[in-house]
Amino acid sequence: MNRDATRGCFTGVRWGRLTLGVVATGVLSLSVHVVMLQVLHVPYPGAVLRTKLPDVLNGALMIWAAIWVYDVLRTQWDGRSAWLCLATLFALLAGLNETLRAAFMSGYCSTHTPVRWLIGLLASLRPFTAYAVAAGFAAGIAQFRSKTVRIGGTAAAALVSAYFIGPALVAADAAIRAQAARWMPDGGWCTLPYGIDVLVPAYLTFIEPVFLCFACAILVWNRLPGGAPGRTAAFVLLILALKRHVLASLLYAIYAPGPAMTALASVGQFSLEAAALAGLTAVSWRWARPAK
């Protein structure tokens, strides 16, 4: 962002409202998932799909959205290093998708205290690598101005990620875990229904995606199309794409074995959480800014 844009970003922001908005966004959006899981007993999605088409389509939408974010960063940070834009994009992808939070909770829930945080670290290697690769693809494709080239590049990147990079990361993760099997226990102590000892750290660590969602709103809000309602809708769609949830529920319901409605609800709890996160972030950011 140029110096004027940087100075103007928080000019007149009502910090009390912003703080309240951040807290409310985190509590309410995560509660969507908690209620569906613990009260409505919606299961976690765990089926192996019969095709990689969902990975390809969701991956393509994520990369396309990431290209747009990278373009915004390059425009607003004109004169700054491209590496700064790439690092920011990677942080947005990794944080929105709760990479550090998942690593912490994996270690926290481990039954083997001496190595619990190493278990969390190992759990984060695959997603960190995947989002670094996705950010790299987006930044590389963004160098081309032709829309046709961008569409082709996005499709190619999604196919390579789904059929080569993803399986390679899964295989590497399995090999690491096999070598560590002597001291890494299976399972953990966090089991449903979750008690306060699980829910408290779960809500506290949800600050990761909340913080990155607000950061994304701050960075891109003025570049979104339309008035307030249009920008809010566009921002929700953007976050769903960056979190690979635009088509996730529908495709999982189609291609997962078992009842379609159960499959739809199992992924839908996370899609609804992501939509609530994005929508509440947009509303909170607008509420905290000075009236125009």
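Described in the following lines is the structure provided in the data block. (Residues numbered from 1 in each chain as written. Predicted model: local features only at pLDDT ≥ 70, side-chain atom pairs only at ≥ 80, totals over all residues. Heavy atoms only, no water.)

### Concerning the packing of aromatic side chains
Scanning the model with the defined rule gives 5 aromatic pairs in all. Consider the rings of Phe 90 and Phe 128, whose centres lie 6.0 Å apart with planes at 45°: the pair is tilted. Within this pair, whereas Phe 90 is found in helix 4 (residues 82-96), its partner Phe 128 is found in helix 6 (residues 116-141), the two being separated by 38 residues in sequence. A relative accessible area of 26% places Phe 90 in the partly exposed class. Residue classification places Phe 128 among the partly exposed positions, given a relative accessible area of 25%. (Phe/Tyr/Trp six-rings, centres within 6.5 Å; stacked < 30°, edge-to-face > 60°. Helix = DSSP H or I, 4+ residues; strand = E, 2+ residues; numbered from the N terminus. Buried < 20%, exposed > 50% of the residue type's maximum accessible area, 1.4 Å probe, protein only.)

### Thoughts on the pattern of salt bridges
A full pass over the atoms with the stated rule returns 5 salt bridges. For Asp 55, the salt bridge goes to Arg 244, with nearest N and O atoms at 3.6 Å. You can see Asp 55 sitting in helix 3 (residues 53-76) and its partner Arg 244 sitting in the loop between helix 10 (228-242) and helix 11 (248-255), a full 189 residues away along the chain. A salt bridge links Arg 145 to Asp 71; the shortest N-O distance between them is 3.4 Å. Highlighted residues: Arg 145 in the loop between helix 6 and helix 7 (147-179) and Asp 71 in helix 3, separated in sequence by 74 residues. Residue Arg 145 is classed as exposed on the basis of its relative accessible area, which comes to 63%. Residue Asp 71 is classed as buried on the basis of its relative accessible area, which comes to 18%. Through salt bridges with shared partners, a single ionic network connects Asp 71, Arg 145 and Arg 150. (Salt bridge = Lys/Arg side-chain N within 4 Å of Asp/Glu carboxyl O.)

### Brief notes about the state of the cysteines
For the structure on display, the rule yields 1 disulfide. Disulfide partner of Cys 109: Cys 190, at an S-S distance of 2.0 Å. Residues Cys 109 and Cys 190 are joined through a disulfide that is left-handed, its torsion about the S-S bond being -90°. Within this pair, whereas Cys 109 is found in the loop between helix 5 (99-108) and helix 6, its partner Cys 190 is found in the loop between helix 7 and helix 8 (196-205), the two being separated by 81 residues in sequence. Looking at Cys 190, the relative accessible area reads 17%, which means it is buried. Free of any disulfide, Cys 85 has its nearest cysteine sulfur in Cys 216, 13 Å distant. Assessed through its relative accessible area of 0%, Cys 85 is described here as buried. Residue Cys 216 stays outside any disulfide, its sulfur separated by 6.6 Å from that of Cys 213, the closest cysteine. (Disulfide = S-S within 2.5 Å.)

### With respect to the nonpolar core
Grouped together as the largest cluster of nonpolar side chains are 54 residues, with contacts concentrated most on Phe 235 and Leu 242. Secondary structure elements with two or more residues in this core: helix 2 (15-39), helix 3, helix 4, helix 6, helix 9 (207-220), helix 10 and helix 12 (260-288). In this structure, Leu 242 is in contact with Met 62, Ala 65, Ala 66, Val 69, Leu 93, Leu 96, Asn 97 and Cys 216, ignoring residues within four places of it in sequence. (Core = buried A, V, L, I, M, F, W, Y, C linked by side-chain atoms within 4.5 Å. Contact = heavy atoms within 4.5 Å.)

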